[in-house]
Amino acid sequence: MNWNRAVQVIAGVAVLLLAGSFPAAAQGIPQPTPASAVSAAPQSDPPPITREARGWLADLIKINTSNPPGNENLAAMYVSGVLQKEGIKAEILDVGPERSAVVARLRSSVVPDPAKALLLVAHLDVVPVDKARWTVDPFGAVVKDGYMYGRGAIDDKGMLAANLAVFINLKRSNAHLNRDVIFLATADEEQSADASVRTLIAKYWDKFAAGFAINEGGNVFTKSGKVQYIGVQASEKVAVNVAVIARGTSGHASQPTKDNPVVHLAAAVAKIGAYSAPVHLTAIVRRYFEGVAPLEDDEIAKWIRSMDTPDRGEHAQRVISEASPLWNSMMRDTVAPTILSAGVASNVIPAEARANLNVRLLPGDSINTILGDLNKLVNDPAVTLQVQPNAGLAAPPSSLESDFYNLICRVASREFAGAPALPFQSTWLTDSAQLRLHSVQAYGLVPFPLTDEDLRRMHGDDERIPLASFDKGVDVLNKIVTEFAVARY
Ligand SMILES: [Zn+2]
């Protein structure tokens, strides 16, 4: 019905994804790096640069950039080394102790025109792993059953390796560019803290100023072994953390008191857990649902189309929210309790108990509205809510009318057998919000067709990328960039 209930047929996807061609790279490509080459999936025979890209991906997975602490320096040096070997001048940008980004540029002319330039963005860091829950070494880049396993295989080292392949392909083919193409590998994306793209922009903007960017953020969604649609991210939600703090009197656990903060906190969190913010469909989400309705079964399609009607709207919104956590979160602000902390000893009533709420706001919505709602709901003078530092900033959406957006949609749709490309507002964050705040038309597309199962592993255990999807994605990304940035004669 929808992708939460769909049975995923991985083999079907693999058959579908016959590796494409790399015309520009066909001549003059050196041998793939034997040291980093990995065995090909049995179902595909990728072109040489894609094979090399698999090797770069494997090497990158093996460099542990779990954030915190990130320590992206080694990965940055690796990436810069790959570029230097191609005769591309790569610069390592310092963003903190042991933390760096990498930038490189292919020029179209002597005088750069930043407004036209295209930025290929990916991040070097990954989320940490719970090693005991993995069935393979998370930093081993193990290839098994047509997948490459490893933290970052999808998020975002897959994209990083694909960007490298596309960028190097342009260089090797001596492409005549109509705009500068800039490669950027960022740090600290997963924490969006001091070493993140914010710092990079503040310190080094001139080195990668661009009018357009392609980054992670959107997905190629599959259903029943076929690409269902391509979500091209043009906007994203905004993350804000809120502390829930319950205060009481500490004392001996043998004599319980009514103001035990553990009890007050637990009650508050239980109430917050049941909260649902009102539906607010942004322009992009409206267009998304218009496009997705015809792809769903009749029942779901009917409810999607009823969401705006006065009589059945509310019920329709409930049905659609319940049909998919992604849809639910695209339609409203959300609040997820993520951390609980209290207590110093088993026989001591603590003076304070805390929880963290991870709030995701639709761009344009205010945290104060949510705080007002939650305060009313909790209704307990012993409990306070406190917005935490490093709250995200809402960015204006990227244009759905730009040439680049249209080109991404056209090429992706063509390459994925006519599946529609839809504008997408991600519930997750990317570096693109910061770029959009600097007037970059940034679009998100992880070009690898992925099943629900694959997507769930992304910040979870046993993250893996189907090699056939990786190969196909490298090819599609190459076509998008080539058609946008290479001059035609
Ligand atoms: Zn990511």
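Provided above is the structure to which this section pertains.
The text that follows walks through the structure, step by step, so that each part is easy to find. A quick note: this is a predicted structure, and the numbers were derived from the prediction, not measured.

What counts, and at which threshold
- Residues numbered from 1 in each chain as written.
- Predicted model: local features only at pLDDT ≥ 70, side-chain atom pairs only at ≥ 80, totals over all residues.
- Heavy atoms only, no water.
- Helix = DSSP H or I, 4+ residues; strand = E, 2+ residues; numbered from the N terminus.
- Expected span 1.5 Å × (residues − 1).
- Contact = heavy atoms within 4.5 Å.
- Salt bridge = Lys/Arg side-chain N within 4 Å of Asp/Glu carboxyl O.
- Buried < 20%, exposed > 50% of the residue type's maximum accessible area, 1.4 Å probe, protein only.
- Donors = N, O, S within 2.8 Å, 3.2 Å for Na, K, Ca; no water.
- Tetrahedral: all angles 85-135°; square planar, octahedral: opposite > 155°, others 65-115°.
- Pairing = 2+ DSSP bridges.
- Axes fitted to C-alpha atoms, helices over the stretch in contact; angles between N-to-C directions.
- Core = buried A, V, L, I, M, F, W, Y, C linked by side-chain atoms within 4.5 Å.
- Patch = residues over 30% accessible without salt bridge, like charges linked within 9 Å, V, L, I, M, F, W, Y side chains within 5 Å.
- Areas by Shrake-Rupley, 256 points an atom, 1.4 Å probe, with all protein chains shown as cover.

1. A short note on helix H5 (residues 197–208)
Here is step 1 of the chain: Between its first and last C-alpha atoms H5 spans 11 Å; for 12 residues at 1.5 Å apiece the expected length is 16 Å, and the helix comes up short by more than 12%.
Here is step 2 of the chain: On its buried side, H5 packs onto strand E1 (90–96), strand E2 (99–106), strand E3 (118–123), strand E6 (181–186) and helix H13 (432–436).

2. A closer look at the pattern of salt bridges
Side-chain pairs of opposite charge can arise whenever the charged atoms involved come near each other.
Here is step 1 of the chain: For the structure shown, the criterion picks out 25 salt bridges.
Here is step 2 of the chain: With a shortest N-O distance of 2.9 Å, Arg151 and Glu463 are connected by a salt bridge. Taken together, the residues Arg151 in the loop between strand E5 (147–149) and helix H4 (157–172) and Glu463 in the loop between helix H14 (452–456) and strand E17 (464–466) connect sequence positions 312 residues apart. Across the pair, Glu463 and Arg151 agree in class, each one buried.
Here is step 3 of the chain: Between Arg247 and Glu352 there is a salt bridge, and its shortest N-O distance comes to 3.2 Å. Taken together, the residues Arg247 in strand E9 (residues 238–247) and Glu352 in strand E13 (residues 352–361) connect sequence positions 105 residues apart.
Here is step 4 of the chain: Among the charged side chains, a network of salt bridges with common partners joins Arg414, Glu415, Lys472, Asp475, Lys479 and Glu483.

3. A closer look at the coordination of the zinc ion
When four donors bind a metal tetrahedrally, each ideal donor-metal-donor angle is 109.5 degrees, and when six bind octahedrally, the ideal angles are 90 or 180 degrees.
Here is step 1 of the chain: Each protein donor to the zinc ion is listed here as His123 (NE2), Asp155 (OD), Glu216 (OE) and Glu216 (OE); together their distances run 1.9 to 2.6 Å.
Here is step 2 of the chain: Taken together, the 4 donor atoms coordinating the zinc ion and their angles of 53 to 150° define a geometry best described as irregular.
Here is step 3 of the chain: We note that the donor set of the zinc ion lies within a single chain, spaced as H-x31-D-x60-E. Remark: Glu216 occurs in strand E7 (residues 212–223) and Asp155 occurs in the loop between E5 and H4; sequence separation between them is 61 residues. Exposure class is identical for Asp155 and Glu216. Each is buried.

4. Looking at the sheet that holds E13
Here is step 1 of the chain: Read from one edge of the open sheet, 4 strands run E11-E13-E9-E14, paired in antiparallel fashion. In this open sheet, the two strands that pair with only one neighbour each are strand E11 (334–342) and strand E14 (383–387). Averaged over all pairs of adjacent strands, the angle between strand axes in this sheet comes to 25°, irrespective of strand direction.
Here is step 2 of the chain: As defined by bridge partners, E9 adjoins E13 across 10 bridges and the pair is classed as antiparallel. Each residue of the ladder has a partner; that of Asn241, found in E13, is Asn358.
Here is step 3 of the chain: Seen against the sheet, helix H6 (residues 261–273) touches E9, E11, E13 and E14 and runs at an angle of roughly 15° to E13.
Here is step 4 of the chain: Contacts from helix H11 (residues 367–378) reach E9, E11, E13 and E14, with the element oriented near 170° to E14.

5. Some details on the environment of Leu445
Here is step 1 of the chain: Among the structural elements, Leu445 can be located in strand E16 (residues 441–450).
Here is step 2 of the chain: Sequence separation between Leu445 and Gly473 is 28 residues; the distance between their C-alpha atoms is 9.7 Å.
Here is step 3 of the chain: Ignoring anything within four residues of it in the chain, the contact list for Leu445 reads Met159, Ile214, Asn215, Glu216, Gly217, Gly218, Asn219, Val220, Ile230, Gly231, Ile408 and Ile480.

6. Comments concerning the nonpolar core
Here is step 1 of the chain: The biggest cluster of nonpolar side chains holds 98 residues, and the ones touching the most others in it are Leu83, Ile230, Phe289 and Trp327.
Here is step 2 of the chain: At 10 residues, H4 tops the list of elements feeding residues into this core.
Here is step 3 of the chain: Core analysis: the next-biggest nonpolar cluster, separate from the first, contains 24 residues, Leu265, Val269, Leu357 and Ile367 among them.

7. Some remarks on a nonpolar patch on the surface
Here is step 1 of the chain: Taken together, the side chains of Leu74, Met77 and Ile92 define a hydrophobic patch exposed on the protein surface, amounting to about 280 Å² of accessible area.
Here is step 2 of the chain: Tracing the chain through its elements places Ile92 in strand E1.

What is shown is where atoms sit, not what they do.
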